[in-house]
Structures are given as structure tokens and as C-alpha cells.
Amino acid sequence: AQSVTQLGSHVSVSEGALVLLRCNYSSSVPPYLFWYVQYPNQGLQLLLKYTTGATLVKGINGFEAEFKKSETSFHLTKPSAHMSDAAEYFCAVSGQLGNQFYFGTGTSLTVIP
Amino acid sequence: DAGVTQSPTHLIKTRGQQVTLRCSPKSGHDTVSWYQQALGQGPQFIFQYYEEEERQRGNFPDRFSGHQFPNYSSELNVNALLLGDSALYLCASSFGLGGSYNEQFFGPGTRLTVL
């Protein structure tokens with residue numbers, strides 16, 4: 001079985017500051033890991049994904065995440081926050097044999113000017 | 001490319017009624033998955049359709065049913081609506097059943113309110 005825990009339902013950062021959104025997963029099989037962003041009244045947009053290979057994954061809009069198997073973590077980072085980054089962020093895990101995703105409860109990111 | 005489209009955008013129903021939500025996948029995609037996103041929660045997997053058959057199902061009662069048409073579009077039906085069914089219903093499309101390596105593209109969702 002797979003599950004995801006996102007630590008911190010609300011995160012506030014100043015514009016230009018580091019963004020760090022935490023995600024820990026549980027999986028009985030080698031996981032595929034994803035970060036999605038959701039803007040108000042919109043669907044989910046894929047930021048980045050880890051499937052196999054390099055553990056540091058770069059995504060869109062300057063975001064990146066590192067898969068750490070020993071820590072069962074997949075934290076999302078961005079060196080410098082922009083006002084447009086304000087949104088809800090979801091971490092998701094899936095086993096390799098199916099398309100069923102398990103999402104965390106989300107982290108709402110606020111960027112303070 | 002229109003991406004994943006869903007209709008209607010918003011819907012208001014009363015308890016006990018039935019509702020049908022519709023989804024058209026992204027061009028080139030043949031697999032459709034449905035998710036329920038309650039307020040303040042992450043999306044929860046309902047089921048997935050491929051080749052007009054339900055392939056996987058999450059922990060949802062039989063009141064939730066679906067269908068996939070030959071053109072790959074899909075419907076989600078919910079019978080005997082409960083207040084707890086109020087949520088944003090998301091449709092996601094992908095290509096094939098090649099595992100989660102195949103990216104899922106999400107539609108904007110249908111907001112269902114049950115009174």
C-alpha cells in the first residue's frame with residue numbers, strides 16, 4: 001500500500017526566500033513520486049516527477065525535488081519564491097504497475113511581498 | 001490541443017438525487033481516471049477506465065459508477081447522493097496502462113454541491 005504525508009498544511013515565505021515543502025511517503029513497492037500544483041478553481045498541473053534514475057529531479061517554474069529512499073522523502077524546493085508561486089501543492093505516490101495515485105492532503109503556499 | 005475537459009463546471013443537487021459528470025480526455029489519451037477532492041483534502045482515487053472497462057477502483061461504494069465510450073470520453077455517475085458527496089470531481093487522462101510513468105493530465109474539475 002502507498003500513502004503520502006505532507007508536513008505543514010500552510011507555509012508562508014517572503015518573496016525571494018527559499019521554498020521548502022515537505023513530503024514523506026510510504027510504499028511497499030518502488031515508488032513513483034510526483035508534485036502537483038493547483039491554482040484556485042483549476043485542476044492539477046504536474047510540476048515534476050521521479051520514476052527512476054537521477055534522484056534530483058528538476059521541474060517547471062524553477063522547482064526541484066530530491067528522492068531520498070533512506071528517509072522516504074521527496075521534498076519540493078525552489079531557491080527564490082515568486083508571488084506567482086502562491087498555490088496549493090500536492091505530493092503523490094504511485095506504484096509502478098498502475099496509474100492509481102495516492103495524494104497527500106496538500107500544502108498551501110503563501111508568498112509575502 | 002484542448003487538454004482534458006469536464007462538464008458541467010458546477011452542479012447543485014439534493015440528497016437522494018443522481019448525477020452524471022462528463023470528461024473528455026486529452027487528444028491521444030485513452031485512459032481516464034476519476035478523483036474526488038473534498039474541501040481541504042487531496043484528491044482520492046475513485047476508479048480508472050481503459051478500453052471501456054473499469055481497470056482499478058479505489059475505496060468508494062457502488063453508488064459511484066462509470067462508463068467509458070469508444071471515443072475514450074467518460075462519465076461518472078453517483079446515485080443516492082449524500083451530503084458527503086459534495087466535492088470537486090477531477091478527471092485525469094493518460095495513455096495506456098504502462099504504469100505511472102505515463103503522466104496524468106488533469107481537467108479543471110466539476111464542483112458538486114449536495115444540499
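Here's what I pulled together on the structure shown here. From a predicted model like this one, the values you see are computed outputs, not experimental measurements. (Residues numbered from 1 in each chain as written. Chains lettered and ligands numbered in written order. Predicted model: local features only at pLDDT ≥ 70, side-chain atom pairs only at ≥ 80, totals over all residues. Heavy atoms only, no water.)

1. Quick notes on the state of the cysteines
Taken as a whole and judged by the stated rule, the model has two disulfides over all chains. In this model, Cys23(A) is linked to Cys91(A) through a disulfide, with the two sulfur atoms separated by 2.0 Å. With the S-S dihedral at roughly -60°, the linkage between Cys23(A) and Cys91(A) falls on the left-handed side. With Cys23(A) in strand 3 (residues 19–27) and Cys91(A) in strand 9 (residues 87–95), the pair connects residues that are 68 residues apart, well separated along the chain. Using a relative accessible area of 0% as the deciding quantity, one classes Cys23(A) as buried. Judged by its relative accessible area of 0%, Cys91(A) is buried. Disulfide pairing is shown between Cys23(B) and Cys91(B); the S-S distance is 1.8 Å. On the S-S bond that ties Cys23(B) to Cys91(B), the torsion sits near -60°, and the link is left-handed. Residue Cys23(B) is located in strand 3 (residues 19–24), and its partner Cys91(B) is located in strand 9 (residues 87–94); the two are separated by 68 residues in the primary sequence. (Disulfide = S-S within 2.5 Å. Helix = DSSP H or I, 4+ residues; strand = E, 2+ residues; numbered from the N terminus. Buried < 20%, exposed > 50% of the residue type's maximum accessible area, 1.4 Å probe, protein only.)

2. With respect to the interface of chain B and chain A
The partner chain A presents 22 residues to the 26 residues of chain B that form the contact. On inspection of chain B and its partner chain A, the count reaches zero salt bridges. Mapped onto the side of chain B that touches chain A, the elements with two or more residues apiece are strand 4 (31–37), strand 5 (44–50), strand 6 (53–57) and strand 9 of chain B. (Contact = heavy atoms within 4.5 Å. Salt bridge = Lys/Arg side-chain N within 4 Å of Asp/Glu carboxyl O.)

3. Thoughts on the environment of Tyr50(A)
Residues and elements named next belong to chain A. Tracing the backbone shows Tyr 50 in strand 5 (residues 44–50). As for Tyr 50 and Trp 35, which are separated by 15 residues in sequence, their C-alpha atoms are 9.1 Å apart. Setting aside chain neighbours within four positions, we find Tyr 50 in contact with Pro 31, Tyr 32, Leu 33, Thr 55, Val 57, Phe 67 and Phe 74.

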